[in-house]
Amino acid sequence: MPCELKPRFLVLYGSQKGQAQSIAEGIADEAEERGLFADICCLSEGHKVKLSKTKYSPVVFVVSTTGDGDPPDTAQKFVKRIKKKTLPRDLYAHLCYAFLALGDTNYADFCKCGKTIDSRLLDLGAKHFYATGHADDGVGLELVLDPWLEGLWERVSLNETPESVVSERKSVLTTQSGQTEAPPAVVEASLTRSLPPLSELALNIPALPPPYLDVMLQEATIEEETNAPVSKETLHEVPISRAVQLTRDDSVKTALLIEMDISSHPMAYQPGDSLEVLCPNRASEVGELLRRLGLEDQKSNRIQLSLRKETKKKTAQIPSYIPENSTLRYLLTWCLEIRTVPKKAFLRSLVECTGDSGEKRRLQELCSKQGSADYNLYVRDHNLGLLDLLTAFPACQPPLSLLIEHLPKLQPRPYSAASSSLRHPGRLHFVFNVIEFPACAGRPVGRRGLCTGWLSDLVDPILVHPGKAHPGHPHPNCSFRLPSDLSKPFIMIGPGTGVAPFIGFLQQREKEREENPEAEFSETWLFFGCRHRDRDFLFREELQGFVANGTLTHLKVSFSRDTPEGTETQTETRPRYVQHNLLSHAKDIVNLLLKENGYLYVCGDAKNMAKDVNDTLIEMVSAELQLDKLDAMKRLAGLREEKRYLQDIWS
């Protein structure tokens, strides 16, 4: 039976860092433009709108997935509630809904939270009025988001049956990494110029996001201006007591270890936890942005924010992360993520900020449906930020209010703890590579990562005088922990700086062995990889020490760029990457995992290493147990479900 769609509907979202919320707000705003009315609510406030008795039809869900396939914090209670087995099977029989799940195929359990909620709603009697979309941030959310939204409005206006929509849209909405063809290379085109056919097409441009903030700049009455973020319970300023470069100067990457003195702060942590570091935007970039906006002379003025009385934005509110009476310089330094890749909605707003017809047309193309390939190629793939775009489009003069409306909150950066408090009481170590973004079209000068570059500068003069960092509380990773049963074997796979949490694991295990001399400890394996033995073998002496005292049973190291003595090239007989070493010990690893109930931990790059390791594990299980690929995948999925195959990965 078709769902009866009404002009008033509800948008529910579950968001961790704001993407799902932003999309949900965009849906609510566009509903207004189309003469509809949409209420919007976070799933954490679901008690305000009881779905079991809701008057809304339809309901639109936008939900992200975080961590190791976990629900975002704002959706955890909702997921727990609908998973209850005691709920009646027809609880949501009255509910017609559409679902947009956000995920990243670089990580395991793509869109797991969205899939879980979607499946459970169907189990409880709810019906789709439109096909579910699975948007992949690994290749660009827009590849699914744009056609999904277009179809959503068609469905609402045409009042089609759910069955026809699902069959018609299914192939379009489940586009993921590896299923879309890359746009053809167009050598002559660039960030600022398109070629036919795009330059000659009529464009489908998104609706202009309604402005909602008024900004006033007032001369400061207080001369002092803070250079640090506003103090909160979750933020501590702690001294850096030691910094060590772990790689040689001629290494391709520079890896640094930082030791922080946390003895004066209540920051308990365990190996496997991560630390979030809040860093400022670079002063040079803040200064350039002020100059570009024509506000350099007002950098010390106080900002007064208020909501526009006539705004059409349904969810308009003053950002809570901007403290009252902040100066303009403080706002751009500590509050806004000025390097973030501008979304299409921001580009759409920038169209109105330039009087140059060529710039206006190109910005329209980049935010249009027809220009999606160009947007990905010239903006998203190169990680261009607002400053890069303003440099490329010199006639564009956005008001300050537009930046505050569209730039997200400056987020802390997570780093895995690389120490154990049992071994280093009052100290916390973390390790990172200094990220380098090379020059490219649209960014003529290379730059370093925001946080890693800041930390590198901060510790550069450490032997002369100490620096300070602004970490929040350690962020517990409740599953990425050592086995509680000391007799269970565990295998660690961590090339490069991915070895960091395993140093903490081994320091902890070393202390446990000292304190429990009569206990039975099982095998421990570490698969580590780097380019060169002599340049970037991180923690080499400490790891060899763990082997010598029995804490680490097996250390397997691969060097991807070293060549065997007496040869000019790397050979296949010597393992180049961690997955090659895994294959060499397939029988032992499969036995430990599937017969001795061992644990497997993977830490490092999601896009390449983690996928390659997973493919190798499938190959190993298939070969050792004589299973086909699908059954081998199911065995590994079982390990994930049992929390014995755990990942701490990043893209």
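In short, a report on the structure. These figures come from a predicted structure and were not determined experimentally.

Let's talk about the environment of Leu-636
Then, number 1: The residue Leu-636 is located in helix α20 (residues 629–641) in this model.
Then, number 2: On a C-alpha basis, the gap between Leu-636 and Val-621 in space is 8.3 Å, while along the polypeptide they are 15 residues apart.
Then, number 3: Here Leu-636 is in contact with Asn-614, Leu-617, Ile-618, Val-621 and Tyr-645, once residues within four sequence places are set aside.

Here we look at the pattern of salt bridges
Then, number 1: A complete count under the given rule lists 31 salt bridges for this structure.
Then, number 2: A salt bridge links Glu-150 to Lys-369, with the nearest nitrogen and oxygen atoms 2.8 Å apart. Here Lys-369 lies in the loop between α9 (357–367) and α10 (372–380) and Glu-150 lies in helix α4 (residues 142–158), a separation of 219 residues in the sequence.
Then, number 3: A residue is classified by how much of its surface remains accessible, and Glu-150, at 34% relative accessible area, is partly exposed.

With respect to the pairing of strand β4 (residues 96–103)
Then, number 1: Most of β4 is tucked away: eight of the eight residues are buried.
Then, number 2: Neither face of β4 is exposed, since Cys-96, Ala-98, Leu-100 and Leu-102 on one face and Tyr-97, Phe-99, Ala-101 and Gly-103 on the opposite face are all buried.
Then, number 3: Of the pairings in the sheet, the one linking strand β3 (residues 59–64) to β4 comprises six bridges and is parallel in character. The residue bridging Val-59 from the neighbouring strand is Tyr-97, located in β4.
Then, number 4: Crossover β3 to β4 through helix α2 (residues 76–82) is right-handed.
Then, number 5: Both β4 and strand β5 (residues 127–128) contribute to a ladder of two bridges, which runs parallel.

A word on unusual backbone geometry
Then, number 1: In the segment running from Pro-196 into Pro-197, the intervening peptide bond is cis, with an omega of 5 degrees.
Then, number 2: One can find Pro-197 in the loop between α5 (162–173) and β7 (213–218).
Then, number 3: Of note in this structure, Lys-643 is not a glycine but carries a positive phi near 60 degrees.
Then, number 4: Summarising the element assignment, Lys-643 is placed in the loop between α20 and β22 (645–650).
Then, number 5: Judged by relative accessible area, Lys-643 falls into the partly exposed class, the value being 37%.

Here we look at the sheet that holds strand β19 (residues 524–530)
Then, number 1: The five strands are arranged β20-β19-β18-β21-β22 in an open sheet whose pairing can be described as parallel. Every interior strand has two partners, whereas the edge strands, β20 (554–559) and β22, have only one. Taken pair by pair, the neighbouring strands of this sheet meet at an average axis angle of 10 degrees, ignoring direction.
Then, number 2: Looking at chain direction, strand β18 (residues 490–493) and strand β21 (residues 599–605) are connected through four bridges and run parallel. Looking at β21, one finds that Phe-490 is bridged to Tyr-599.
Then, number 3: Running over the sheet, helix α19 (residues 606–625) touches β18, β21 and β22 and is turned about 150 degrees from β21.

Definitions and limits used
Residues numbered from 1 in each chain as written. Predicted model: local features only at pLDDT ≥ 70, side-chain atom pairs only at ≥ 80, totals over all residues. Heavy atoms only, no water. Helix = DSSP H or I, 4+ residues; strand = E, 2+ residues; numbered from the N terminus. Contact = heavy atoms within 4.5 Å. Salt bridge = Lys/Arg side-chain N within 4 Å of Asp/Glu carboxyl O. Buried < 20%, exposed > 50% of the residue type's maximum accessible area, 1.4 Å probe, protein only. Pairing = 2+ DSSP bridges. Right-handed = clockwise from strand over helix to strand, strands pointing away. Axes fitted to C-alpha atoms, helices over the stretch in contact; angles between N-to-C directions.

On their own, these measurements won't tell you what the molecule is for.
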